[in-house]
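# Residue-level structure breakdown
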Amino acid sequence: MAVKEEKVMANELDETNPVINEAGRDVNVIDKQLPIKVGAGSLVFEIMLWVLGIIPGLIFLFVKIGAGNYLSRLQQKIQHDASQIDNYLEQRVVILKNVAALLNKSMDFDKTTFKEIAALRSGAPAVSEGNFETVNQIERANGKLYAVMENYPDLKAHNEIMSAMNQNSYLQKEITAAREVYNDAVNEWNHAVYCWPAKMIVAAKRGYTTRIPFIASKEVKQQAREVFF
């Protein structure tokens, strides 16, 4: 009598025999937009619906209209969320400018830093246009102000300065939260444009691409690896 041999299944990810990367792995956002494309199979699918009858064809036509409206609304939401980040950034620039003015009165403050912060109020490109350089400039200005306060501990006792810096910290938290909301909307978009058939077909016909979430600057990433305490 033949003995039936049992087939042993193996886990794709085996925690008992893991492949370990001792050096670790850093994570970066890929700054690339992917165009949405559909193959000939999608065209055949749509033709077959009309071949089956006018009702299936019309139903899918209305489904595509709904998908197009959904993607249009989602685009507007992404713009709104990006604009919200701009609003907080503008408020933060105002706070940093006020702190710089207070420091300027209290001591011989670096005039170039004050000019840099003041310049952020005039004609800076909006984040909603995909330009993150303004964010990096704000971060650099913020770092300079904190460096001054660390070098002159007596300034921390200045009530107006401390109040402004507390507002600055609060706005940074709001910016972080707003970026999360923006990233969620971008993730929703990137998921939707790959939902076949209706949304993906509409996205391809309109020439849509995936969207890129928030990317931290190289300078900020480097600072995150430093020892602060």
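Owing to the predicted nature of the structure, the values given are computational and were not obtained by experimental measurement.

Counting secondary structure elements, the protein contains seven helices and zero strands. Out of the 229 residues in the protein, the part that is buried amounts to 29%. Of all intrachain contacts in the protein linking residues separated by at least 6 positions in sequence, the fraction that spans at least 24 positions is 76%. Counting only carbon and sulfur atoms, one obtains 57% of the accessible surface of the protein, whose full area is about 15600 Å².

With that settled, consider the side chain of Ser 42. As for its placement among the helices and strands, Ser 42 is situated in helix H1 (residues 40–52). Here Ser 42 falls in the buried class, since its relative accessible area comes to 7%. A polar contact is formed between the side chain of Ser 42 and the side chain of Trp 196, at a distance of 2.8 Å. Those residues in contact with Ser 42 that sit more than four places away from it in its chain are Trp 196 and Ile 201.

Residues Trp 50, Ile 54, Ile 55, Leu 58, Ile 59, Leu 61, Phe 62, Val 63 and Ile 65 make up a contiguous nonpolar surface patch of about 860 Å² in total accessible area. Among the elements that make up the nonpolar patch, the one with the highest residue count is helix H2 (residues 54–106) (eight residues). Along the chain, the position of Ile 55 falls in helix H2.

With the rule as written, the count across this model stands at three aromatic pairs. Ring geometry for Phe 45 and Phe 60: centres 5.3 Å apart, planes at 85 degrees, overall edge-to-face. Taken as a pair, Phe 45 in helix H1 and Phe 60 in helix H2 lie far apart in primary sequence, 15 residues in all. The class of Phe 45 is partly exposed, set by a relative accessible area of 27%. Both rings, one in Phe 45 and one in Trp 196, keep their centres 5.0 Å apart while their planes meet at 55 degrees; by these two values the pair is tilted. Of this pair, Phe 45 sits in helix H1 while Trp 196 is found in the loop between helix H5 (159–192) and helix H6 (198–206), placing the two residues 151 residues apart along the sequence. For Trp 196, a relative accessible area of 44% translates into the label partly exposed.

Basis of the calculations
As a convention, each chain's residues are numbered from 1 in the sequence order in which they are written. pLDDT decides what is reported in this predicted model: residues at 70 or higher carry local features, side-chain atom pairs at 80 or more are listed and counted, and totals for whole chains, interfaces and linings draw on all residues regardless. Values shown for side chains rest on all heavy atoms present in the structure; no hydrogens or waters enter the calculation. Put simply, DSSP H or I for four residues or longer makes a helix, DSSP E for two residues or longer makes a strand, and each gets a number counted from the N terminus. A simple rule labels every residue: compare its accessible area, found with a 1.4 Å probe on the protein chains alone, to the largest value its type can have, and call it buried under 20%, exposed over 50%, or partly exposed in between. Two residues qualify as a contact provided that any one of their heavy atoms is within 4.5 Å of a heavy atom in the partner residue. The Shrake-Rupley method, run with a 1.4 Å probe, gives the accessible areas here. Residue values count only the displayed protein chains as cover. Counting of polar contacts relies on pairs of N or O atoms within 3.5 Å, with two restrictions inside protein: one atom must be capable of donating a hydrogen and the other of accepting it, and residues adjacent in sequence are counted only when both atoms are side-chain atoms. Here the term patch refers to residues with relative accessible area over 30% and no salt bridge, with like charges joined within 9 Å and nonpolar side chains (Val, Leu, Ile, Met, Phe, Trp, Tyr) within 5 Å. Put simply, a salt bridge is a Lys or Arg side-chain nitrogen that is within 4 Å of an Asp or Glu carboxyl oxygen. For Phe, Tyr and Trp, rings pair up if their centres lie within 6.5 Å, where Trp contributes its six-membered ring, and each pair is then called stacked (planes under 30 degrees apart), edge-to-face (over 60) or tilted (otherwise).

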